Amino acid sequence: MEAEEERFRTLRQVLLLFVLLAQTCAEQGGYSIAEETASGSSVANLAKDIGLEVRELSWRKARVIFNNNKKHFQLNLQTGDLQVSEKLDREELCGPTEPCVLQFQVLLEEPLEVYRFKLLVSDINDNSPVFPEAEMILKIMENTPPGTVFPLKNAQDMDVGINNIQNYTIYPNSHFHIITRNGSEGRKYPELVLNKDLDREEQPELRLTLMAVDGGAPPKTGTALVLIDVLDINDNAPEFVQPLYHVQMLENSPLGSLVVTVSARDLDTGINGEVFYSFFYGDEEITKTFAVNELTGEIKIIRRLDFEKIVSYEVDIKASDGAGLSGKCTVMIQVVDINDNTPELMMASLINSIPENSPEITIALFSVQDRDSGENGRMVCYIQEDVPFTLKPSVENFYKVVTEGPMDRERRAEYIITITVTDLGSPRLKTQHNITVLVSDVNDNAPAFTQTSYTLFVHENNSPALHIGSVSATDTDAGANAQVTYSLLPPQDPHLPLASLVSINADNGQLFALRALDYEALRALEFRVGATDRGSPALSSQALVRVLVLDANDNSPFVLYPLQNGSAPCTELVPRAAEPGYLVSKVVAVDGDSGQNAWLSYQLLKATEPGLFGVWAHNGEVRTARLLSERDAAKHRLVVLVKDNGEPPLSASVTLHVLLVDGFSQPYLPLPEAAADPAQADPLTVYLVIALASVSSLFLFSVLAFIAVRLCRRGRAASVPEGHFPGHLVDVSGSGTLSQSYQYEVCLSRGLGTASEFKFLRSVASNHQESVNDVEENSNFVNGFGFN
């Protein structure tokens, strides 16, 4: 016993040395931590290893990302230490895989950096060996020769490496000893070796204790009872056709699929020759996945295979005869991977909104992985081509989505980016992930008027604050950048009182006339309006506005000739020898309005003797309508109405005094109508008047004779002889609505006492020279007047 304890002590020291060497190697390859380490324990100072100051971790948004998306550790941003956030169970994380390595990344943003680390989770001896059955029964023939080997069921230890099962012992060991064998996967199997012959009559049953010992410090053990039943002679044990079977099965094989059929034979007969098949030991994973037919040896699948969980199975099959003898074979089942796992995409960082006109920026960072292997696990990552974004690979399996250049929100305000990850298996599987990116507005568009210039019309004499029109501008930006404010810009003419004439509504661009406008004073108004948005900095544009004042019929015609100044009326002299159509005078008038409001028409409103004179409606010419006779009164008073074409029409009247004379040799002063009736004349005055009239009649007769001779010589041409008159000459000419131009020469003489006034008119109208004496033409001409 003391020798055995010394051996145990030496073995423990050797195992401890191996553990220390394993931990040293793990630390050299990365970080290392033992399982079951308490929460809050520090693993390493990542800030120091990365080369950053501790304060940089916060503003660069450092965080730790594990590939399995579990938060086993956390990064202390105050100290830069990687700390344990929950106890680790190496057996749960990695199972039998050794070494147990966790890969993680340290992600830094602003700017983007990714550091990859490996963390070795070292095993501690926290699991004891456990046998699948607490009691194992062996039936051994009594004639079994010494040295015969009997395989026993091995124990299982969840620990790995030196902490796993290292050897087996059995006690009491008077008839047997244990040999520890190494399996193909590093497992250690116990084999019971017979040391000396058995004698059923002396001892029909043996009870032994089998102990499995791991290599931990201190070592842990597990025991099972081995019950040996000594049998009578059955000298042939079943033997398998082949001791090792190799099988490959697709992981998507349906339930009930046949894996393999094992076969064993027994040379004995009867009950000793009947063979029954079973699992050699009841491993839970194997018994839940496969089933063996005890009579035929067929092994079938009873649970789905998953390559990503278990790559291969080692199944031990036992063949037993009726007498208790048995044989063993091993079936190696290799699981063949199929493409049954779609790629996985894990988003690490995402920006959902970017301002337009921004340079190239990273909007998303993500990683991809596929749990399949080989070509089934290789992946291709891409995005659609109709978006202004580019997919760029980063470290290892990380990718980032960056903008190709500045965005324009007015062209497109939202993008949906579809990230597609496809593996290279057959058939190919893919995963798609959509990212919505909003483009926020920047004030890069000035307001634009719907027209570069606006023309508005307003009638004169408008009411104050009248809405005369509107201007409109739109801004393709959004929010406050699209809110437009209107204003009047300073006019180019500094003397134009624009602010007192027009105002604009700053919100909707409506224009108002602040006061009544007068067409005769201001016919057009031109100014510029501005539209400014509320962005920062604000942008603006301009438009030209023309306001045309429309004329209203608010001005009555004004008579220029004859003058109506309240003085003595002007008298027109007409010779009694005048032919029909003789130009007596012309009424000249103007209208301050425009257009049809200024179109003037003339008509004879009142006459002393209707039918003697007429007025041309379009030019205001007053002409004789027929031949004059001695019966016609000498003095005539004509009232001419001048009317415009407005709505309603406005008018003015003018009074003409016409004096019919026999000739122009004697002065004649017409008395004003407004003068008072003369006093009763004495007889001497009557005689003087008669004498004067006689002389004047002779003179007039001579003049008329002279005129008749001249008319005959000119051949139907009418003319009045020109004489030399003292006084002043006045020229009056008219144009516009008149069809011809006329010139009047008026001779006035003034003296003391009884003043006399003579007036002579001459028409300079060449187109009337041949029509004065034509009776037929005169008749037609007279009909063209509107005479009363």
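Procedures and definitions
- Residues numbered from 1 in each chain as written.
- Predicted model: local features only at pLDDT ≥ 70, side-chain atom pairs only at ≥ 80, totals over all residues.
- Heavy atoms only, no water.
- Helix = DSSP H or I, 4+ residues; strand = E, 2+ residues; numbered from the N terminus.
- Buried < 20%, exposed > 50% of the residue type's maximum accessible area, 1.4 Å probe, protein only.
- Contact = heavy atoms within 4.5 Å.
- Areas by Shrake-Rupley, 256 points an atom, 1.4 Å probe, with all protein chains shown as cover.
- Pairing = 2+ DSSP bridges.
- Axes fitted to C-alpha atoms, helices over the stretch in contact; angles between N-to-C directions.
- Phe/Tyr/Trp six-rings, centres within 6.5 Å; stacked < 30°, edge-to-face > 60°.
- Patch = residues over 30% accessible without salt bridge, like charges linked within 9 Å, V, L, I, M, F, W, Y side chains within 5 Å.
- Salt bridge = Lys/Arg side-chain N within 4 Å of Asp/Glu carboxyl O.
- Polar contact = N/O pair within 3.5 Å; in protein donor to acceptor, adjacent residues only side chain to side chain.

Some details on the overall build of the chain
Each helix and strand counted, the chain has 8 helices and 50 strands in total. Within the chain, buried positions represent 41% of all 788 residues. When contacts within the chain are restricted to residue pairs at least 6 apart in sequence, those whose partners lie at least 24 apart make up 66%. When the accessible surface of the chain is summed, it comes to about 42,200 Å², and 53% of that surface belongs to carbon and sulfur atoms.

Quick look at the sheet that holds strand E9 (residues 149-151)
What the 3 strands build is an open sheet, ordered E9-E12-E11; its pairing is antiparallel. Lying at the two open borders of the sheet, with one neighbouring strand each, are E9 and strand E11 (176-182). For this sheet the average axis-to-axis angle between neighbouring strands, irrespective of direction, equals 35 degrees.

Side note on the packing of aromatic side chains
Overall, the coordinates contain 8 aromatic pairs when judged by the stated rule. Pairing Phe240 with Tyr277 gives two aromatic rings, centres 6.2 Å apart and planes at 55 degrees, and the pair type is tilted. Placement of Phe240 in strand E15 (residues 239-240) and of Tyr277 in strand E19 (residues 275-279) is noted, with a sequence separation of 37 residues between them. Assigned by exposure class, Phe240 and Tyr277 land together as buried. With a centroid separation of 5.9 Å and 20 degrees between ring planes, the pair formed by Phe366 and Tyr399 is classed as stacked. Taken together, the positions of Phe366 in strand E26 (residues 362-369) and Tyr399 in strand E29 (residues 398-403) put the pair 33 residues apart, joining distant regions of the chain.

What about the environment of Val259?
Looking at the element boundaries, Val259 is found in strand E17 (residues 258-261). A residue is classified by how much of its surface remains accessible, and Val259, at 9% relative accessible area, is buried. Put simply, Val259 and Ile299 are 40 residues apart on the chain and 5.5 Å apart in space, counted from C-alpha to C-alpha. In contact with Val259, other than residues within four places in its own chain, are Val247, Met249, Phe290, Ile299, Lys300, Ile301 and Ile333.

Comments concerning a nonpolar patch on the surface
On the surface, Phe558, Leu560 and Val590 cluster together into a nonpolar patch covering about 270 Å² of accessible area. Within the secondary structure, Phe558 sits in strand E41 (residues 558-561).

Brief notes about the side chain of Asn619
Within the element layout of this structure, Asn619 appears in the loop between strand E46 (613-615) and strand E47 (621-624). On the basis of relative accessibility, which here comes to 2%, the residue Asn619 falls in the buried class. Here Glu621 takes part through its backbone nitrogen, which lies 3.1 Å from a polar atom of the side chain of Asn619.

Structural notes on unusual backbone geometry
With an omega dihedral of -10 degrees, the bond running from Tyr171 to Pro172 counts as a cis peptide bond. Put simply, Ser426 and Pro427 share a cis peptide bond, and its omega is -5 degrees. Tracing the backbone through its elements, the reader meets Pro427 in the loop between strand E30 (414-423) and strand E31 (430-440). Here the phi dihedral of Asn461 falls at roughly 65 degrees; this positive angle occurs in a residue that is not glycine. Although it is not a glycine, Ala465 sits at a positive phi angle of roughly 60 degrees.

Side note on the side chain of Asn443
By the element assignment, Asn443 lies in the loop between E31 and strand E32 (448-449). The class for Asn443 is buried, based on a relative accessible area of 12%. For Asn443, the side chain forms a polar contact with the side chain of Asp533, separated by 3.2 Å. Apart from residues no more than four positions distant in its own chain, Asn443 is found in contact with Asp477, Asn481, Asp533, Gly535, Ser536, Pro537, Ala538 and Leu539.

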